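# Coordinate analysis (summary)
So you can see what is in the structure, the chains are spelled out below.
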Amino acid sequence: MKDINKIFLIEENRQVGPRTWFLRLKGEVALITAPGQFVNISIPGKFLRRPISVSRYFTREKGLHLLYNVVGEGTFILSKMKPGEELNILVGLGNGFSIPSDIKKPILLGGGIGAAPLLQLAYDLIENGLRPQVVLGYNTAKDSWGMEKDMRDMGLVTYIATLDGTTGTKGFVTDVIKEKELKYDYFYACGPLPMLKSLSMLPTEGQMSLECRMGCGFGACMCCSLETIKGSKRICKEGPVFKKSELIWK
């Protein structure tokens, strides 16, 4: 069995939004093999680990970038940790995004902090000769931590949607698709469940990364199971990425 328990050194931990932090770590990431996988962080003084999606990973340089929102005591404690401190992390968890050989015009759809894995995916798609369009959704302009700049710096056409209309299109990512009449043959989506449920109505196949509460993070406790057309699946083990056609929305 692979040793997924690793020690990482904090190199940077800074606030990039009203409640969003960027965490740069140094450590062994060889077990991370696809965008969309996640890590499970042990928080000092807390029993349960915190699962966080991987934003970027650098195998040769042994680097890991994470984005997280402060939403409770655990992430608050994490936000106060300083460069030079160490974290115990389970790495290479879950199954990430894949790139089908027949797609030609993918689109990336992200909602809030859930969009974090799309950054690594964008790099991987470009390396495979694909240049995806990008649509990122936020509640308000202040919720952005700057991913749209990262995407545009890669030369990708990137649109923004905000529920209150403070920047970009007023509404949801689906409103951007309609307003801009975007054409695509495959989609990748990360974000809250209501957003993903809405995207399940898109006409093409795609892949979705699901968010949920997890106990162990590696499939032992069964608390993150969901029903699919292929039976019960664990989001932390068989997911968090699933094909749109696999999912059953109730």
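Just so it is clear, the structure is predicted and the values come from calculations on it, not from any experiment. (Residues numbered from 1 in each chain as written. Predicted model: local features only at pLDDT ≥ 70, side-chain atom pairs only at ≥ 80, totals over all residues. Heavy atoms only, no water.)

Let us look at the overall build of the protein chain. Summing up its helical and strand segments, the protein chain has five helices and 15 strands in all. A compact globule built from 250 residues would reach a C-alpha radius of gyration of about 18 Å, and the protein chain, at 17 Å, matches this within 12%. In the protein chain, of all internal contacts separated by at least 6 residues, the share reaching a separation of at least 24 is 62%. Measuring between centres, the 33 positive side-chain charges of the protein chain sit 2 Å from its 25 negative side-chain charges. (Helix = DSSP H or I, 4+ residues; strand = E, 2+ residues; numbered from the N terminus. Rg over C-alpha atoms; globule rule 2.2 N^0.38 Å. Contact = heavy atoms within 4.5 Å. Lys, Arg positive; Asp, Glu negative; His and termini not counted. Charge placed at Lys NZ, Arg CZ, Asp CG, Glu CD.)

On to helix H2 (residues 118–127). Owing to its 3.6 residues per turn, the α-helix brings residues three or four apart onto one side. The element H2 is largely enclosed, with a buried count of seven among its ten residues. Listed in full, the buried residues belonging to H2 are Leu118, Leu119, Gln120, Leu121, Ala122, Asp124 and Leu125. Along its buried surface, H2 packs onto strand E4 (50–58), strand E7 (106–111), strand E8 (133–138), helix H3 (147–153) and strand E11 (186–190). (Buried < 20%, exposed > 50% of the residue type's maximum accessible area, 1.4 Å probe, protein only.)

One open sheet accounts for seven strands, arranged E10-E9-E8-E7-E11-E12-E15; its pairing is mixed. Strand pairing shows two members of the sheet lacking a second neighbour, strand E10 (169–170) and strand E15 (241–243), which therefore form its edges. Contacts from H2 reach E7, E8 and E11, with the element oriented near 170° to E7. (Pairing = 2+ DSSP bridges. Axes fitted to C-alpha atoms, helices over the stretch in contact; angles between N-to-C directions.)

Right, let's get into the sheet that holds strand E5 (residues 63–69). With respect to topology, six strands assemble into a closed barrel ordered E1-E2-E5-E4-E3-E6, the strand pairing being antiparallel. Averaged over neighbouring strand pairs, the angle between their axes works out to 45° when direction is ignored. Bridge analysis of strand E1 (residues 5–15) against strand E6 (residues 86–93) gives five bridges, and the strand direction is antiparallel. Counterpart to Leu9 in the pairing with E6 is Glu86.

Glancing now at the nonpolar core. The biggest cluster of nonpolar side chains holds 26 residues, and the ones touching the most others in it are Leu108, Leu118, Leu121, Leu136, Met147, Met151 and Tyr188. Of all the elements in the fold, those that place two or more residues in this core are H2, E8, H3 and E11. It is H2 that contributes the most residues to this core, five residues altogether. Those residues in contact with Leu136 that sit more than four places away from it in its chain are Gly110, Ala115, Leu118, Met147, Glu148, Thr158, Tyr159, Ile160, Ala161 and Val173. In this structure, Phe8, Leu64, Tyr68 and Ile89 belong to the second largest nonpolar core, which totals 22 residues. (Core = buried A, V, L, I, M, F, W, Y, C linked by side-chain atoms within 4.5 Å.)

Quick look at the pattern of salt bridges now. What the rule picks out here adds up to eight salt bridges. A salt bridge links Asp153 to Lys149, with the nearest nitrogen and oxygen atoms 2.9 Å apart. Taken together, the positions of Asp153 and Lys149, both in helix H3 and four residues apart, correspond to about one turn of that helix. A relative accessible area of 55% means that Asp153 is categorised as exposed. Classification of Lys149 as exposed rests on a relative accessible area of 53%. Here Glu238 and Arg234 are joined by a salt bridge, their closest N and O atoms 2.7 Å apart. (Salt bridge = Lys/Arg side-chain N within 4 Å of Asp/Glu carboxyl O.)

Function cannot be read off these values alone, since they describe shape.
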